[in-house]
Amino acid sequence: AAFRSGRRLPVLCWKDAFGVASICRCSQPLVGVANKRSADDEALLRAIGETNPIGDTLHILDCRPKLNAEVNQVKGKGYEHASNYAATRLTFMNIENIHAMRSSLKAFLAVLKKQAAAGETSMPELEKSGWLEHLRMVLRAALHAARLLEHDRASVVVHCSDGWDRTSQVTALAQLALDPTFRTRRGFETLVAKEWLSFGHQFAKRCGTIAPLERGAQSSEEQSSPVFLQYVDCVHQLCEQFPSAFEFNSLYLAELLHHLTSCLHGTLLGNCERQRADLPPTLPLWPALSEPRFVNQSYAPGAHTTLHIDPGAVRPWTAYYCRGAERIKM
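The rules behind each value
- Residues numbered from 1 in each chain as written.
- Predicted model: local features only at pLDDT ≥ 70, side-chain atom pairs only at ≥ 80, totals over all residues.
- Heavy atoms only, no water.
- Salt bridge = Lys/Arg side-chain N within 4 Å of Asp/Glu carboxyl O.
- Helix = DSSP H or I, 4+ residues; strand = E, 2+ residues; numbered from the N terminus.
- Buried < 20%, exposed > 50% of the residue type's maximum accessible area, 1.4 Å probe, protein only.
- 1 Å grid on protein atoms, 1.4 Å probe; cavity = no way out; pocket = protein on both sides within 12 Å on 5 of 7 lines; lining within 4 Å.
- Points joined across faces, edges and corners; volume = space filled by probe spheres on them.
- Nonpolar A, V, L, I, M, F, W, Y, C, P; charged D, E, K, R; others polar.
- Pairing = 2+ DSSP bridges.
- Right-handed = clockwise from strand over helix to strand, strands pointing away.
- Expected span 1.5 Å × (residues − 1).

## Some remarks on the pattern of salt bridges
Applying the stated criterion across every chain yields a total of 17 salt bridges. One salt bridge in this structure joins arginine 136 and glutamate 133, with 3.1 Å as the shortest N-O distance. Note that arginine 136 and glutamate 133 are positioned in helix α5 (residues 131-150) at a spacing of three residues, about one turn of the helix. Given a relative accessible area of 31%, glutamate 133 falls into the partly exposed group. Residue glutamate 133 pairs with arginine 140 through a salt bridge whose shortest N-O separation is 3.0 Å. Residues participating in the shared-partner salt-bridge network are Glu127, Glu133, Arg136 and Arg140.

Take a look at the structure:
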């Protein structure tokens, strides 16, 4: 564990119930410019690969652009080098960091506000913000992981820098694409609890909400980012592409995002499980999302086994982003 950022060593988060392929997740290795090695870390990844007798290669998906990973290497962190990790293949998925996402969303909302006031629509202007392309990059990474697991029967290890932002996006979306269980309301709640809450996504820092006073010197603005919002937007895109695949609808997702910052429920507060345990007792979130209006009336269980995501079909979620204003007609 000491060789991984934040001691977040590779752990299993999903396995094919009918096969041997699996998804593990972790944080970046601490290789640094000296290209340090850890026999234990190398052995652990080798053991993960050996659990899959069908695939001869363990695929490591680094969610970051390669340049960002190289910058981290200068800081004493970095990425896996093939010469040190036998029978692995490293792929950079080119998802930008939290700061790029924060700036992109601000630009996207500014364009939407301007267009709503003028009663006009310009997709090129919305594209310039970069938000839609960022959604596509996240979906492409999830699609790549799902294809490796479904078609190649290969196992994958996913990480970004610390393993709690982009990693959660990609692992959770890949599981939605592969496993119909997570497309029910109960399954989706389990997925959020597993991939976001239990693996330590810092909801309070990213959303500027309630947590015990442990933030340190960094400002909330510097650490805020719409990581979970981006994930839910990606889930909405899947709901649009596969109208009968999900038990819940986009109204459910919009209500979930409302409670992300409403602080009416303690489920998504704090930065980790321990902090949530230290907060005063609150009502859980999920019963508030159990109303009939959140059910997808077109849901057809069993109609879709695997979702073959089309990142190119991403469209602005105007019903959410323009709520309270006249909807932009795309």
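Resuming the write-up.
## Describing empty space enclosed by the protein
For the coordinates displayed, the defined rule picks out three cavities of 30 Å³ or more. Approximately 60 Å³ is the volume found for the largest cavity. Contributing to the lining of the largest cavity are Glu96, Asn97, Ile98, Met101, Asp165, Arg166, Gln169, Ser225, Pro226, Val227 and Gln230. When contributions to the lining of the largest cavity are tallied by element, the ones reaching two or more residues are α3 (98-118), α6 (166-178) and α10 (227-241). In the lining of the largest cavity, the residues fall into four nonpolar, four polar and three charged. Reported here for the second largest cavity is a volume of approximately 40 Å³. Taken together, Leu143, Ala146, Arg147, Glu150, His151, Thr306, Leu307 and His308 form the lining of the second largest cavity. Here the lining of the second largest cavity is built from residues that sort into three nonpolar, three polar and two charged.

## A few points about the pairing of strand β4 (residues 88-92)
For strand β3 (residues 58-62) and β4, the ladder comprises five bridges, and the chain directions are parallel. Following the sheet pairing, isoleucine 60 is matched in β4 by leucine 90. In the classification by handedness, the crossover that spans β3, the intervening helix α2 (residues 66-74) and the parallel β4 is right-handed.

## Here's the deal with α10
Compared with an ideal rise of 1.5 Å per residue, which puts 15 residues at 21 Å, α10 spans 21 Å between its outermost C-alpha atoms and is within 8% of the ideal. Among the 15 residues that make up α10, 13 are buried, leaving the element largely enclosed by the rest of the structure.

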